[in-house]
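One-letter residues, chain by chain:
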Amino acid sequence: MTRPEIRGVILDILENIAPDEDLTDLNDSDPFREQMELDSMDFLDIVMELRKRYRVQIPEEDYPNLNTMNGTVDYLEPKLADTPV
Amino acid sequence: MAGPASQYDVLIIGAGLSGLAAGIRLAHYEKRVAILERHTTIGGLNSFYQLRGRRHDVGLHAVTNFRPPTLKPLGPLAKLLRQLRISWDEFDLAPQCGSRVVMPGASLRFTNDFDRLQSDVAERFPDQIDGFKQLDAAAMSADTFDESREFQPSRERVRSLITNPLLEDLLFAPVLFYGSPTPHDCDWRQFAILWRALYREGFGRPRDGVKPILKTLTKRYKALGGDLWLRHGVQAIRSNGGKTVGVTLDDGTEIDAPHILSSAGLPQTAAMAGDAADLPTDPGPLSFVESISVLDRPASELGYDDTVTFYSTRDPRAGDRFRYANPEDPCDLTSGIACSPDNYQYFEASGGPHDEGCLRLTVLANPEYWANLEPDVYTREKARWHAAALDAGRDFDVLPDVTGAQASHVLDTDVFTPKTITRFTGHPNGAVYGSATKIRDGRTGLDGLHVIGTDQGYLGIVGAMLSGVSIANRLLT
Ligand SMILES: Cc1cc2nc3c(=O)[nH]c(=O)nc-3n(C[C@H](O)[C@H](O)[C@H](O)COP(=O)(O)OP(=O)(O)OC[C@H]3O[C@@H](n4cnc5c(N)ncnc54)[C@H](O)[C@@H]3O)c2cc1C
């Protein structure tokens, strides 16, 4: 997957988890939590959806990497490089 | 499929709201899961049934926590629906018209707008409003996820802020009636949950009752590949060396699974799992008799406009306090919960108001009395106490005269008792709110056996679903 594809995947997951949020103006460098309501259960859901869809394991100590869209894409890029969309 | 597989990742005992919600989460994350239900239908304490051509809800007065996801921060129901991947609109919840709590000397209105209650309190109890605001702040900031088992009384906390006994009783009655398994009091965490659920967020209801909610949950669960087996009661939970290994069904069939979630309640779960589960076994003392009167017109045309009315005829000003306890009489006629499912603001798109009306009345009842009657006496006593409860509500001016002047508008009635509840859900004593002891972390003495639902301490439709989701999440992470 390319960076834009990974971004698309994350957006899709966010939309699936929080359909009541408007994500059109999401700023990629600001924390998700400052732009939408995302509690710890929702956050875990992102991790679990990634595991379910692409079999990526994300250890708890890496969670801080997933605070922003840019951070998430940076973090996932090497892990999903060989994974098709 | 002819029957359950011989092995699953997780087995769930009970297809009530907690079991269905847990099943959805687990199936969504690819666990092989089966729900085993002894009864012939889903829903447990909040099911529905067909009687003489009409569909009735067993319980549903109100879905609490009415706070649509357009309002931030999200309320518990909106958060729960996110977890289930169900949109708010699928439950078709229409907002209530308005509810009341009534006692001699005062009544308070509460709607889905908290200011209404607050201004009623300010107007009727001007010297108590500061205490009321502090109580609200305390309830809003309470740690409701504290998992310790000790009972945390609410009375003293409330009394330190509310010094008028009438106001104390007025504020306690709805909270106790809608979710306390403890006579006269309520665990503070539960008080805070109910304060938010009833007063801060309010009530909604689908036009067609609990059925669309249960159908939505079941459809979602099955679409995710979950198995649901009705008429499959669990007789025993098997374990080995302190670890759960599976269950034995009523017919002797064995199914293996390393994890079991039980919504059967503590006494029954203890009976199924044996001493190793190390669970308290008090069944809980409180139960109710509930009656349904079907009307030939909406209840408002007979003068009943409230969504829910909580009332007590005792006068706290004279030291006669609201009594929330197991009565010595078959039913306690000094208090009750009246409710009309007509008094919601149903959307035209969902079909608008109903043509027929409905009035429900719930009173505290003595479970032993109802459990031990001969069949013909049982039928007669149901009719007698049903009429007596309606008369008491009418005499207190909260109910229309459906046993007298307006009796011709009643098309049908049905009454159920603690015995009915035990028969259909297995809960001993007909204990609607379960044991007084709650296992808030869901853990038992057996690895792999988890308690969900009422006896985890999360009550009501929304509470039960949240409980299922929270324990499922623990298994998933
Ligand atoms: C009259 C009444 C009115 C109510 N009104 C409201 C209301 O207006 N709003 C609200 O929010 N809540 C209301 N409630 C409360 C609400 O219905 C319950 O809190 C909630 O449904 C509990 O769900 P649960 O999953 O914990 O348990 P249950 O619904 O009790 O589910 C347990 C299930 O387990 C099954 N079971 C038990 N033992 C076994 C076994 N050994 N093997 C297989 N299956 C087994 C039972 O048959 C049952 O289906 C009401 C309840 C009643 C009785």
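What counts, and at which threshold
Residues numbered from 1 in each chain as written. Chains lettered and ligands numbered in written order. Predicted model: local features only at pLDDT ≥ 70, side-chain atom pairs only at ≥ 80, totals over all residues. Heavy atoms only, no water. UniProt positions renumbered as here; feature names shortened; annotations may be inferred. Near = heavy atom within 4 Å. Polar contact = N/O pair within 3.5 Å; in protein donor to acceptor, adjacent residues only side chain to side chain. Areas by Shrake-Rupley, 256 points an atom, 1.4 Å probe, with all protein chains shown as cover. Domains from an automatic or database assignment. Contact = heavy atoms within 4.5 Å. Buried area = accessible area lost by both parts, 1.4 Å probe. Salt bridge = Lys/Arg side-chain N within 4 Å of Asp/Glu carboxyl O. Helix = DSSP H or I, 4+ residues; strand = E, 2+ residues; numbered from the N terminus. Expected span 1.5 Å × (residues − 1). Buried < 20%, exposed > 50% of the residue type's maximum accessible area, 1.4 Å probe, protein only.

- Going by the annotation in an unreviewed UniProt entry, the name recorded for chain B is Amine oxidase domain-containing protein, with Alienimonas chondri given as the source organism.
- Note on chain B: under the UniProt heading Sequence similarities (unreviewed entry), the record states "Belongs to the carotenoid/retinoid oxidoreductase family."

- In the annotation of an unreviewed UniProt entry, the entry for chain A reads Acyl carrier protein, and the organism field reads Alienimonas chondri.

1. What to know about the site of the ligand
All names here are of chain B.
Move 1: Near the ligand there are 35 residues, and of these Ser18, Glu37, His61, Ala62 and His427 occur at the shortest range.
Move 2: Val234 is positioned with one of its backbone polar atoms (N or O) 2.8 Å from a nitrogen atom of the ligand.
Move 3: A distance of 2.8 Å is found between an oxygen atom of the ligand and a backbone nitrogen or oxygen belonging to Gly460.
Move 4: Out of a free accessible area of 1000 Å², the ligand has 96% covered by protein chains.

2. A short note on the domain arrangement of chain B
Residue and element names in this part refer to chain B.
Move 1: Structurally, chain B comprises domain 1 (10-60 + 209-282 + 435-476) and domain 2 (95-206 + 284-424).
Move 2: Measuring from the centre of the C-alpha atoms in domain 1 to the corresponding centre in domain 2 gives 27 Å.
Move 3: Contact residues are listed per partner, giving 25 residues for domain 1 and 27 residues for domain 2.
Move 4: Together domain 1 and domain 2 conceal approximately 2200 Å² of surface at their shared face, both sides included; 49% is due to carbon and sulfur atoms.
Move 5: For the pair domain 1 and domain 2, the interface holds four salt bridges.
Move 6: Of the charged contacts in the structure, one is a salt bridge between Arg54 and Glu356, with a shortest N-O distance of 2.7 Å.
Move 7: Between the two partners, domain 1 and domain 2, sit nine residue pairs in polar contact (both at pLDDT 80 or more).
Move 8: Those elements that provide at least two residues to the side of domain 1 that touches domain 2 are strand E3 (48-51), strand E4 (54-57) and helix H8 (210-223).

3. Concerning helix H13 (residues 460-476) of chain B
Move 1: With 17 residues, H13 of chain B should reach 24 Å at 1.5 Å per residue; the first-to-last C-alpha distance of 24 Å fits that figure.
Move 2: Of all 17 residues making up H13 of chain B, 13 are buried, and the element is well covered by its neighbours.

4. Notes on unusual backbone geometry
All names here are of chain B.
Move 1: With omega at -5 degrees, the peptide bond leading from Lys72 into Pro73 counts as cis.
Move 2: Checked against the element boundaries, Pro73 lands in the loop between E4 and helix H2 (76-84).
Move 3: The backbone phi angle of Arg85 is positive, close to 55 degrees, even though this residue is not glycine.
Move 4: Here Arg85 lies in the loop between H2 and strand E5 (93-95).
Move 5: A positive phi angle, near 70 degrees, is found at Asn429, a position not held by glycine.
Move 6: You can see Asn429 is positioned in the loop between helix H12 (418-425) and strand E19 (449-451).

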